Amino acid sequence: MEVNWIKCGGQQWCDLLNLNLDHLHFENLEGVYIIWHGAPNPAVVRVGQGNIGERLKEHRQDQTILAYKANGLYATWASVDKYSRDGVERYLAEKWKPKIGDRFPDVTPIAVNSPW
């Protein structure tokens, strides 16, 4: 499945901690997301699904995620229909092995294009 991974202004990756999650863009936006930290050893911190704005707001308060902020925390997301979200989240978790989160939907993975 081909999805459109979102970047912020200037085609830069979105800074999770400074992202305006009250922007109209996030109104009723549902899909999947990836949170990662930057250099020196970039890694996926968390993957998930649901209402993107609400979920990212929650994650910005999560101390286990904030533990990685020294290297920068970034986010990208894609709109995915509710029938495919479980499978896409499963695929992202298997592919990127996030540092946080160990319970992902027990469904057949649905492959999507990488944001990178």
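Structure: see above.
Here is a short report on the structure shown in this document. (Residues numbered from 1 in each chain as written. Predicted model: local features only at pLDDT ≥ 70, side-chain atom pairs only at ≥ 80, totals over all residues. Heavy atoms only, no water.)

1. Let's talk about the state of the cysteines
Under the definition given, this model contains 1 disulfide. Paired through a disulfide, C8 and C14 show a sulfur-sulfur distance of 2.0 Å. Between C8 and C14 the disulfide shows an S-S torsion of about 115°. By sign, it is right-handed. Classification of C8 by relative accessible area gives partly exposed; the value is 24%. With relative accessibility at 0%, the residue C14 sits in the buried group. (Disulfide = S-S within 2.5 Å. Buried < 20%, exposed > 50% of the residue type's maximum accessible area, 1.4 Å probe, protein only.)

2. Things to note about the nonpolar core
Ranked by size, the top nonpolar core spans 17 residues in total, and within it I35, L56 and W77 carry the most contacts. Those elements that provide at least two residues to this core are β2 (30-37), α1 (52-60), α2 (63-66) and β4 (73-79). For this core, the element with the most residues is β4, which contributes 3 residues. If near-sequence neighbours (up to four positions away) are discounted, W77 is found in contact with N4, W5, I6, C14, L19, H25, F26, L29, V32, Y33, I52 and L56. If you look at the next biggest cluster of nonpolar residues, it comprises 15 residues, including V32, V47, V80 and F104. (Core = buried A, V, L, I, M, F, W, Y, C linked by side-chain atoms within 4.5 Å. Helix = DSSP H or I, 4+ residues; strand = E, 2+ residues; numbered from the N terminus. Contact = heavy atoms within 4.5 Å.)

3. Here's the deal with the packing of aromatic side chains
Applying the stated rule across the entire model yields 6 aromatic pairs. Pairing W13 with W36 gives two aromatic rings, centres 5.1 Å apart and planes at 90°, and the pair type is edge-to-face. Separated by 23 residues along the polypeptide, W13 in the segment before β1 (14-15) and W36 in strand β2 bring together distant segments of the chain. In this structure W36 comes out as buried when scored by relative accessible area, which is 7%. Connected via pairs of aromatic rings, a cluster forms that spans W13, W36, Y74, W96 and W116. When the ring centre of W13 is taken as origin, the NZ or CZ atom of K7, which lies over that ring, is 4.6 Å away. Sitting over the face of the ring of W96, K95 holds its NZ or CZ atom 5.1 Å from the ring centroid. (Phe/Tyr/Trp six-rings, centres within 6.5 Å; stacked < 30°, edge-to-face > 60°. Lys NZ or Arg CZ within 6 Å of the ring centre and 35° of its normal.)

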